[in-house]
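Observations on the model geometry
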Amino acid sequence: MGDYKIQLLGKVIIHGDIEVKTGLMIGGISSSLKIGGVDISVITDPWGKPYIPGSSLKGKMRTLIEKKEGLPINAAMTEKEQPWRHQCQTPEDYQKCSVCKVWGIIGGGDFKIPVLTRLIVRDTYLDEESITKEMKANLELDFTETKMETAIDRVKGQATGPRTTERVPAGACFKDCELIYSLFYSSDLEDLKKVFEALELLEHDYLGGSGTRGYGKVVFKNLRVYCNTVSDYESGQLNLSPVNGDLKTPSEVIKNFEEIKKKIKEKIASCLPAS
Ligand SMILES: [Zn+2]
């Protein structure tokens, strides 16, 4: 690999809340180890509260944007699997592919060019206060509801089950989700739009399991978008004022993306490190 330099220009920090509109099931352990006797339980943090793993959110966003862009589905985790996701196969394709640049690629070492993942998605934790007293009175477990379902074996036409699924109830809110987007090249700013597009698409899709059966509708709200330049990091002046003003939802951000992009661009340009 030849000599190259990677120059960080700044980081765009996206904070927001994720509100659950229909029962959410992101799977944890499937056993009777958990109390409550559920067959399929939600993933919980060490304090027993449900959370949304960053990997689930990031993966779902990627899947949706891959389809929206019509990218070739050509990669699998193992050689035995059918391809189920997209990954550019050559450095030439990669250089032109927003999705692989933003969401990253696995094992890009063969490309002999810097392969940087722009987007980091953190785990998001449940806001306990969003589970109100009234909701609690109707919940079977501390933070979740249980739903009895009968699965149908389509070949035999027989019911298998019933099984009990644990869900985060509608109305719950996961607070302060954090997405971090690193800017290395000026073109990365254009690709940032894909992140908000993926959030828009997710609002019209689902998070977690059983989405085609009504589970997992979520909305993103209270978005705060910050831009920290390299000199902001040098002076500790971080997340000072949002660049998105009153534009609090993914579609509002998209509608005004050019304006937001301009603000970030100016901020970056004003403190580019001397090269
Ligand atoms: Zn690609």
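Residues numbered from 1 in each chain as written. Predicted model: local features only at pLDDT ≥ 70, side-chain atom pairs only at ≥ 80, totals over all residues.

Re the overall build of the chain
For the chain, the helix and strand inventory stands at 8 helices and 8 strands. Looking at the chain as a whole, 29% of its 275 residues qualify as buried. Sequence separation of 24 or more characterises 66% of the internal contacts of the chain that already satisfy a separation of 6 or more. (Helix = DSSP H or I, 4+ residues; strand = E, 2+ residues; numbered from the N terminus. Buried ≥ 20, exposed ≤ 12 C-beta atoms within 10 Å, placed from the backbone. Contact = placed C-beta atoms within 7 Å.)

A short note on the nonpolar core
Side chains that are nonpolar tend, in soluble globular proteins, to be buried together. With 52 residues, the main nonpolar core has Val12, Leu24 and Val195 as its most contacted residues. When residues of this core are traced back to their parent elements, those giving at least two are strand S1 (10-20), helix H1 (54-69), helix H3 (98-103), strand S3 (119-121), strand S7 (173-183), helix H5 (187-203), strand S8 (218-229) and helix H8 (257-270). Broken down by element, the residue count for this core peaks at 7 residues, all from H5. (Core = buried A, V, L, I, M, F, W, Y, C linked by C-beta atoms within 7 Å.)

So, the pairing of S7
Along a regular strand, successive side chains alternate from one face of the sheet to the other. Bridge count between S1 and S7: 9 bridges; the pairing is antiparallel. Across the sheet, His15 pairs through a bridge with Glu178, a residue of S7. With 3 bridges connecting them, S3 and S7 associate as antiparallel partners. Each residue of the ladder has a partner; that of Leu119, found in S7, is Tyr181. Across 2 bridges, strand S4 (residues 124-126) lies against S7 in antiparallel orientation. Looking across to S7, one finds that Tyr125 is bridged to Lys175. (Pairing = 2+ DSSP bridges.)

A word on unusual backbone geometry
Here the phi dihedral of Ser210 falls at roughly 55°; this positive angle occurs in a residue that is not glycine. Structurally, Ser210 can be placed in the loop between H5 and S8. Using a count of 18 C-beta atoms within 10 Å as the deciding quantity, one classes Ser210 as partly exposed. Although it is not a glycine, Asn222 sits at a positive phi angle of roughly 55°. Along the chain, the position of Asn222 falls in strand S8.

Quick word on the environment of Ile6
Along the chain, the position of Ile6 falls in the segment before S1. For Ile6, a count of 9 C-beta atoms within 10 Å gives the class exposed. Measuring from C-alpha to C-alpha, the distance between Ile6 and Tyr185 comes to 9.0 Å, with 179 residues separating the pair along the chain. Here Ile6 is in contact with Pro114, Leu116 and Phe184, once residues within four sequence places are set aside.

Let's talk about the packing of H1 against H5
Helix packing for two helices is described by the angle between their axes and how far apart those axes are. In the contact formed by H1 and H5, the axes pass within 9 Å of each other and the chain directions differ by 95°. Classified by the interaxial angle, the pair formed by H1 and H5 is roughly perpendicular. Judged by residue contacts, Lys60, Met61, Leu64, Ile65 and Lys68 of H1 engage Lys194, Glu197, Ala198, Leu199, Leu201 and Leu202 from H5. Residues of the contact of H1 with H5, tallied by class, amount to 7 nonpolar, no polar and 4 charged. (Axes fitted to C-alpha atoms, helices over the stretch in contact; angles between N-to-C directions. Parallel < 35°, antiparallel > 145°, perpendicular 65-115°, else oblique. Nonpolar A, V, L, I, M, F, W, Y, C, P; charged D, E, K, R; others polar.)

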